[in-house]
Amino acid sequence: MRAADLIAALGLPADTTIAKRVPKSELVEHGRFTAADKRQINAVVGELRWEASLKPNTVSIAAYRDDKHEYLEIPVLAAVLREGARSPRLNVLLHRAVPYPVVLVTEQSESATLSLVGKRRSLNEAEAFVIEGEPTEVTLDAGVTSDLLQPFLDALALSRQPRYTLRDLYLGWIETVEALHAARITGTFSLAATREQAAVRRRALSDYARLETELLRLRAQAGKEKQMQRQIDLNNKIGRLKAECAAARDHL
């Protein structure tokens, strides 16, 4: 999967096309980065492109404003990463560098990653915006089976997303990524029918990930335990966690 394939799946109108290379120097100069952040970007990013810009006049979708949010434009950025280079915080840095909510696609080797995170007004600085939490991301590589990949790509299309406002559109893309995460657990891809159902799924995904991590820890601990009573106690805890995992899975 290439970045271009993932961006093509968005089905954007021709009027949104920018197709402009963004010099890294411009990015790091205008972003509020530490020296270490700048080194990460320069070391990891090979090329950065501004592929498209979604505005009310290019996609016929209204802007959105309230006391916390402002969705006037959604840029689509593509970054080609250097072979073998790693930076766990890179996507966060790239999201922070742009004052708008960004559709960020990064490409490395044979995989592409889609990353999205909402923006809100800063509580400490007028006219500044900060990201809301951690990015919602998915990497499309050999680990995503074809029976899940194609429905996901089809669902990304602009024509399949909510079009009331640009914020609704952006949240729709986040929920589509969450649907793929759920599908990798359940085996079936399906979009949430309502924003409320999407919120339930989001909580269930968080619970499932937390419980799976704890299950792995307890199973490893049980495998090393020598005392019989302690093994029994650990197995009982494992049983309870498995039941909680199943309950979380039912909400996916």
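Because the structure is predicted, anything quoted here is derived from the model rather than measured.

1. Details of the pattern of salt bridges
- The tally for this structure, following the rule as stated, stands at 10 salt bridges.
- One salt bridge connects Asp207 with Arg210, and the closest N-O pair in it is separated by 3.6 Å. Of the two residues, Asp207 and Arg210 both sit in helix α8 (residues 195–224), 3 residues apart, roughly one turn of that helix.
- For the salt bridge of Glu214 with Arg217, the shortest nitrogen-to-oxygen distance reads 2.6 Å. Residue Glu214 and its partner Arg217 are both found in helix α8; the two are separated by 3 residues, about one turn of the helix.
- Owing to a relative accessible area of 28%, Glu214 belongs among the partly exposed residues under this scheme.
- Residue class for Arg217 comes out partly exposed when judged on its relative accessible area of 44%.
- Through salt bridges with shared partners, one network takes in Arg65, Glu70 and Arg121.

2. Some details on the sheet that holds strand β1 (residues 17–21)
- Overall, mixed pairing links the 6 strands, which are arranged β1-β2-β5-β6-β7-β10 in an open sheet. The sheet is open, and its two edges are formed by β1 and β10 (136–140), each paired on a single side. Between one strand axis and the next, the sheet turns through 15 degrees on average, direction left out of account.
- Two strands pair when backbone bridges link them, and strand β6 (residues 103–108) and strand β7 (residues 111–116) are joined in this way by 5 bridges, in the antiparallel orientation. From the neighbouring strand, Val105 faces β7, where its bridge partner is Leu114.
- Packed on one face of the sheet, helix α6 (residues 146–156) meets β7 and β10 and runs near 130 degrees to β10.
- Across the sheet, helix α7 (residues 166–186) lies against β2 (45–54), β5 (74–81), β6, β7 and β10, angled at about 55 degrees from β10, the strand it touches most.

Cut-offs applied
- Residues numbered from 1 in each chain as written.
- Predicted model: local features only at pLDDT ≥ 70, side-chain atom pairs only at ≥ 80, totals over all residues.
- Heavy atoms only, no water.
- Salt bridge = Lys/Arg side-chain N within 4 Å of Asp/Glu carboxyl O.
- Helix = DSSP H or I, 4+ residues; strand = E, 2+ residues; numbered from the N terminus.
- Buried < 20%, exposed > 50% of the residue type's maximum accessible area, 1.4 Å probe, protein only.
- Pairing = 2+ DSSP bridges.
- Axes fitted to C-alpha atoms, helices over the stretch in contact; angles between N-to-C directions.
- Contact = heavy atoms within 4.5 Å.

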